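Okay, here's what each chain looks like letter by letter:
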Amino acid sequence: MEIFTQLKNIPNLILALGFFDGVHCAHQKVLSGAIDYAKKHNLKSAVITMKEQPLCCLKHIKPVYISSRKESYKLMADLGIDYIFELDFDEIKGLNAQEYLENILIKYFSPKAIFTGFNHHFGLNRQGNTDFLKENQNKYNYKYFLIEPQKINNTIISSSAIRNYIKNGEIEKANKMLGRNFSVISTVIEGNKIGRTIGFPTANIIYPPDIIPPPKGVYSTEIKTEDKIFKSISNFGTKPTISPNEPITLESHILNFDKDIYGKNIEIRFIKKIRDEIKFDSVETLKQQIQSDILHI
């Protein structure tokens, strides 16, 4: 897969339009539709997306994502997308729907087909929508495919729903919509090493500031390092029993693991929340609770 940060003339593409934060199950339907259509007609598929969430750019707020853009792009590549075009929203936000369709999509890509979700909008004041794309398909010689809402238990799968689940600690519900375990990737840093003194050494990371955080608490997790996966238990918080004045970190005790991974990137996959973070009366009580928590992994 190739990633372009500038427009480039590549005609006859099959396009998937959207921001695709998290590449959840509904996104996968849109992307797979474009990929399958492209393969069937011996063409190439491409995602047209933005460098940052357009709403965040308009409101001048710091974006918080389900997955980093790098990780989202990797997920798209794994599905089989051929190209990703990452556009700068600030450079195109003044284009109305007609101008965006003509001067961007048609001019550079001459698409044979366009795939979107049911709630896709584009252009100045969100003028462009699914009806607009459908109405213009004959004029510009492309076929338009709308992917209907995807649901789990009568709830529409969406990035906003997943963010809310993560924010509320409902990790299992978020994972069902994602079609995988919610995860973060970061570098292992040196901590205060108190965990090893009580029999539970931990790998510590600074939680990525651009990823939606779960509530403080203890989680059943998996750690992926060097292409191997290990069961783990993770605490997201301030470690109130041992060092309450430290900043919030994510620390993970990895089961059956004794390698030195300081300075290495690891992926922490959240499976479920076990309990809230608690300040215990003593370190001994904390040890007993950790032993109990491990039984819930």
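Not measured: the values here are computed from a predicted model.

Novice: Hey, could you run me through the overall build of the protein chain in this one?
Specialist: The helix and strand inventory of the protein chain stands at 10 helices and 14 strands. C-alpha atoms of the protein chain, sized along the principal axes, occupy 75 × 35 × 35 Å. For the protein chain, buried positions account for 48% of its 297 residues. Across the protein chain, the fraction of contacts at a sequence separation of at least 24, relative to all contacts at a separation of at least 6, is 73%.

Novice: I'm lost on helix α8 (residues 171-178) in this one. Help?
Specialist: Spacing of three or four residues puts side chains on the same side of an α-helix, whose turn is 3.6 residues. Looking only at α8, the buried set comprises Ile 171, Ala 174, Asn 175, Met 177 and Leu 178. Considered in projection along α8, the buried side chains sweep an arc of 160 degrees and stay on one side of the axis. Elements that come into contact with the buried residues of α8 comprise α1 (25-40), β7 (151-152), β8 (155-156), α7 (159-167), β11 (217-225) and β14 (265-276). A positive phi of about 80 degrees marks Gly 179, the residue just after α8.

Novice: It is not clear to me how the pairing of β11 should be interpreted in this structure. Could you clarify?
Specialist: Where burial is concerned, most of β11 is hidden: seven out of the nine residues are buried. The turn joining β11 and strand β12 (residues 228-237), which pair antiparallel and follow one another in sequence, is formed by two residues; a positive phi near 50 degrees is taken by Glu 226. In this structure, β11 lies alongside β14, joined through eight bridges in antiparallel fashion. Residue Gly 217 lies in a different strand from β14, and its bridge partner there is Asp 276.

Reading the values: the criteria
Residues numbered from 1 in each chain as written. Predicted model: local features only at pLDDT ≥ 70, side-chain atom pairs only at ≥ 80, totals over all residues. Heavy atoms only, no water. Helix = DSSP H or I, 4+ residues; strand = E, 2+ residues; numbered from the N terminus. Buried < 20%, exposed > 50% of the residue type's maximum accessible area, 1.4 Å probe, protein only. Contact = heavy atoms within 4.5 Å. Arc of directions from axis to C-beta. Pairing = 2+ DSSP bridges.

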